[in-house]
Amino acid sequence: MPLVELARYPSSIAAEIARSFLESHGIGAVTFDGGMNIADSAAFAIPVRLMVLDEDREEASVLLIEADIA
């Protein structure tokens, strides 16, 4: 099952909060590029991507929107 991008965040902290939130609701998630945006203003060039399984995308999206962390 392929991973799909669910959301992009300007910092690894924000992405990890969202990832932890999803995992607390039983949805596995990973972040990509967390170490790439540590330089000043690199967050706009290289956002941290939150990835989930394609089959979990819809449920995960609803959870993030309801929690206002999308």
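Residues numbered from 1 in each chain as written. Predicted model: local features only at pLDDT ≥ 70, side-chain atom pairs only at ≥ 80, totals over all residues. Heavy atoms only, no water.

### Looking at helix α3 (residues 57-67)
Since the α-helix turns once every 3.6 residues, residues separated by three or four places project in the same direction.
At step 1: Looking only at α3, the buried set comprises A60, L63 and L64. Buried residues of α3 fall within an arc of 95 degrees about the axis and therefore sit on the same side. In α3, the exposed residues that point more than 90 degrees away from the buried face are E58, I65 and E66.
At step 2: Buried-residue contacts for α3 involve β1 (3-9), α1 (12-24) and β3 (48-53).
At step 3: Remark: D68 follows α3 within two positions and exhibits a positive phi of approximately 60 degrees. (Buried < 20%, exposed > 50% of the residue type's maximum accessible area, 1.4 Å probe, protein only. Helix = DSSP H or I, 4+ residues; strand = E, 2+ residues; numbered from the N terminus. Arc of directions from axis to C-beta. Contact = heavy atoms within 4.5 Å.)

### A short note on the environment of E16
At step 1: By the secondary structure assignment, E16 is in helix α1.
At step 2: Relative accessible area serves as the criterion here: at 30%, E16 is assigned to the partly exposed category.
At step 3: Here the side chain of E16 touches R19 through a polar contact of 2.6 Å, side chain to side chain. (Polar contact = N/O pair within 3.5 Å; in protein donor to acceptor, adjacent residues only side chain to side chain.)

### What to know about the nonpolar core
At step 1: Membership of the largest hydrophobic core comes to 15 residues, with the highest contact counts inside it found for L6, Y9, L22, L50, V52 and L64.
At step 2: Broken down by element, this core gets its largest block of residues, four residues, from β1.
At step 3: Once you skip the residues sitting within four places of it in the chain, V52 turns out to touch P2, L3, V4, L6, L22, I27, G28, A29, R57 and A60. (Core = buried A, V, L, I, M, F, W, Y, C linked by side-chain atoms within 4.5 Å.)

### Describing unusual backbone geometry
In most cases, non-glycine residues show a negative phi, while peptide bonds are predominantly trans.
At step 1: In this structure, D33 is a non-glycine residue whose phi angle is positive, near 75 degrees.
At step 2: One non-glycine residue with positive phi stands out, namely D68, at about 60 degrees.
At step 3: Here D68 shows up in the segment after α3.
At step 4: Assessed through its relative accessible area of 68%, D68 is described here as exposed.

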